[in-house]
Amino acid sequence: MQFIETRGNDGSHAESVSFSNAILSPVASFGGIYSPEKTPLIDAEFLQQHQHSSYKTIALAIFELFAIDIDLPTMQSAVDLYDEFDDADNPVPVIKLKEDIYISELYHGPTRAFKDMALQPFGKLLSTLAQANQKEYLILAATSGDTGPAALDTFRNRDNIRVACLYPDGGTSDVQRLQMVTESADNLKVIGIKGNFDDAQAALKSLLASPSFNQALADKGVALSAANSVNFGRILFQIMYQFHSYLELVRQDAIELGDKVNLHIPSGNFGNALSAYYARQMGLPVERIYIASNANNVLTDWINTGRYDIASRSLVITNSPAMDILKSSNVERVLFDLFGAERTHTLMRQLDEQGYYQLDEGEIAQIQAIFSASFCSDKEGQTYIRSNYDNGYLMDPHTATCFKSCEMSEASGYVNIIYSTAEWTKFAPVIDAAITGHAGRGDLESLKSIAETANIEIPEMIRYLFDKPVCHPLIVEKGDIESEILAFLD
Ligand SMILES: *Cc1c(COP(=O)(O)O)cnc(C)c1O
């Protein structure tokens, strides 16, 4: 399987690249991204064959369908990292909430958010490829909260990889900040930025474009790579749990093999949703994919009207910060898959230059045949957290947005899978406010309050954070980032 460019070829890039090239150097012609040249299909027996397979066996079977340039032992050692999740035999528990609603919990990895599902094996894979190339790579990351901790955790002490992670000072939760600034490995650098997440991301972009920075890296023999969610290496590891979650429902007698289900996905950059889309295209029996958003409802409008418009809105800060995104990068791969490179190039250029694009009627129909969308306000989200807590299930504010879309799908008659993307521990103050009525507390106080109210333990890896020494106290102005990173590389 080769990978091709979503915006077509500009004559200076290769026409197609291998998977390893696509993940080591993810930027394609005209600022596009790499996508599989065709989606592999499962055969009629695939689901039957894997009805009783372990998570890792399913993961490797999906990997083999993609026929990429990675050997099986390398992939095996990457997926072995799922053994470190809470339950090595089942890294993704699927819980029955009520008749026809199941929750697939994607947060049982080391940093307690779903980013670990992809980044744990991806980190191992990237380091193996970097070693094979005998090259040193620098991964630059800008994070609003969950990606930073997951990237630092996966690359900690990995050969041939160094990570510089930028976060907005004051723009993350205490838990998220501590998960980053207490990471002590020599190959990791964490830098707080004076500014918000957009400033951190803009700083990263200007570094990537800076001739002096690139020259300095070249002089040191260091190549740049990226671990952001458009990297197909991350998407691959997210397709796997779509199959696992479906087969769990069969095992739990919630559905018969072959029955269709609805998927509900709390969406930000559209990586999780894109993986669900690929799984459906591959032949997983999925009726519809419901895209859940918060007040930043650009995806809701896109799916309901065909208009993707960021010019007419500004970012709103919500209780579900991992979904506070206006430009959902992975949407581009859906455009490419359905409408081709030429059309994608036109649409994405219009979005870049004018801040919006409008799909035509035929295109809207194609999108709506697969996706539905809704958005959930913070107030509604708090109500869902509260009512589910009253019924014995504790959930985070991202997951809660899916209950709005479940109301939409109720009449469909299909069984629903909600993806839960974070543990309660990562967004404790919001949950504390929903279940005890106490708003405005810090993370530690809220963690204790929830633990006491719900009679549960704070997991060790979260509790210990508050006692671990801070080894990255650095907070700088944007202009000083470049010199800090170069000093770190020496
Ligand atoms: C990253 C993240 C999301 C959004 O996922 P995308 O793949 O970017 O759409 C949702 N919830 C949580 C908790 C996250 O960390």
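Provided above is the structure to which this section pertains.
Residues numbered from 1 in each chain as written. Predicted model: local features only at pLDDT ≥ 70, side-chain atom pairs only at ≥ 80, totals over all residues. Heavy atoms only, no water.

## Let's talk about the site of the ligand
Here is step 1: Taken together, 14 residues lie around the ligand, and K115, D146, G268, N269 and T421 are the ones closest in.
Here is step 2: At a separation of 2.6 Å, an oxygen atom of the ligand approaches a polar side-chain atom of D146.
Here is step 3: Note that an oxygen atom of the ligand is positioned 2.7 Å from one of the backbone N or O atoms of G268.
Here is step 4: When the ligand is considered free in solution it has 380 Å² of accessible area, and contact with the protein chains removes 97% of it.
Here is step 5: When grouped by side-chain class, the residues that make up the shell around the ligand number 5 nonpolar, 7 polar and 2 charged. (Near = heavy atom within 4 Å. Polar contact = N/O pair within 3.5 Å; in protein donor to acceptor, adjacent residues only side chain to side chain. Areas by Shrake-Rupley, 256 points an atom, 1.4 Å probe, with all protein chains shown as cover. Nonpolar A, V, L, I, M, F, W, Y, C, P; charged D, E, K, R; others polar.)

## So, the sheet that holds strand β15 (residues 475-476)
To summarise the sheet geometry, strands pair through backbone hydrogen bonds and adopt either a parallel or an antiparallel arrangement.
Here is step 1: Here we have 5 strands laid out as an open sheet, ordered β8-β5-β6-β7-β15, and parallel in their pairing. The open sheet has two edge strands, β8 (222-225) and β15, and neither has a second partner.
Here is step 2: Here 2 bridges tie strand β7 (residues 188-193) to β15, and the two strands are oriented parallel to one another. Counterpart to I193 in the pairing with β15 is V476.
Here is step 3: Each of β5 (136-142), β6 (161-168) and β7 touches helix α6 (residues 147-155); the most contacted strand, β6, lies at about 160 degrees to it. (Pairing = 2+ DSSP bridges. Helix = DSSP H or I, 4+ residues; strand = E, 2+ residues; numbered from the N terminus. Contact = heavy atoms within 4.5 Å. Axes fitted to C-alpha atoms, helices over the stretch in contact; angles between N-to-C directions.)

## Let's talk about the packing of helix α16 (residues 378-390) against helix α19 (residues 428-436)
Here is step 1: Where α16 contacts α19, the axes come no closer than 8 Å and their chain directions differ by 65 degrees. In terms of crossing hand, the pair formed by α16 and α19 is right-handed. In this structure, α16 uses Q382, I385, R386 and Y389 to contact α19, whose residues at the interface are V430, I431, A433, A434 and I435.
Here is step 2: Of the residues that constitute the contact of α16 with α19, the class distribution is 7 nonpolar, 1 polar and 1 charged. (Left-handed = near helix turned anticlockwise from the far one by under 90°.)

## Looking at the pairing of strand β14 (residues 415-420)
Here is step 1: With 6 of 6 residues buried, β14 lies mostly within the body of the structure.
Here is step 2: The pairing of strand β4 (residues 101-105) with β14 spans 5 bridges and is classified as parallel. Across the sheet, the residue bridging to I101 is N416, located in β14. (Buried < 20%, exposed > 50% of the residue type's maximum accessible area, 1.4 Å probe, protein only.)

## Some remarks on the nonpolar core
Here is step 1: Judged by nonpolar contacts, the single largest core of 137 residues is most densely connected at F155, F243, F270, W302 and F371.
Here is step 2: The element contributing the most residues to this core is helix α10 (residues 232-251), with 12 residues.
Here is step 3: The contact partners of F371, leaving out residues within four places of it in the chain, are F270, Y277, R288, I289, I291, I303 and V334. (Core = buried A, V, L, I, M, F, W, Y, C linked by side-chain atoms within 4.5 Å.)

## Observations concerning unusual backbone geometry
Here is step 1: Backbone geometry places N160, a non-glycine residue, at a positive phi of 65 degrees.
Here is step 2: Mapped onto the elements, N160 comes out in the loop between α6 and β6.
Here is step 3: Residue class for N160 comes out buried when judged on its relative accessible area of 18%.
Here is step 4: A positive phi angle is found at N455, which is not glycine, with a value near 55 degrees.
Here is step 5: Mapped onto the secondary structure, N455 falls in the loop between α20 (443-454) and α21 (460-463).
Here is step 6: The exposed category is assigned to N455, whose relative accessible area is 70%.

## Some words on the environment of A185
Here is step 1: Its place among the elements puts A185 in the loop between α7 (174-181) and β7.
Here is step 2: A relative accessible area of 10% means that A185 is categorised as buried.
Here is step 3: With 152 residues separating them along the chain, A185 and D337 place their C-alpha atoms 40 Å apart.
Here is step 4: Apart from the residues lying within four places of it in its own chain, the contact partners of A185 are R156 and N157.

## What to know about α6
Here is step 1: Within α6, 9 of the 9 residues are buried, which leaves the element mostly enclosed by the surrounding structure.
Here is step 2: Every buried residue of α6 is accounted for by T147, G148, P149, A150, A151, L152, D153, T154 and F155.
Here is step 3: Residues of α6 that are buried in the fold lie against α5 (115-132), β5, β6, α7, β7 and α10.
Here is step 4: N157 sits one or two positions beyond α6 and adopts a positive phi of about 60 degrees.

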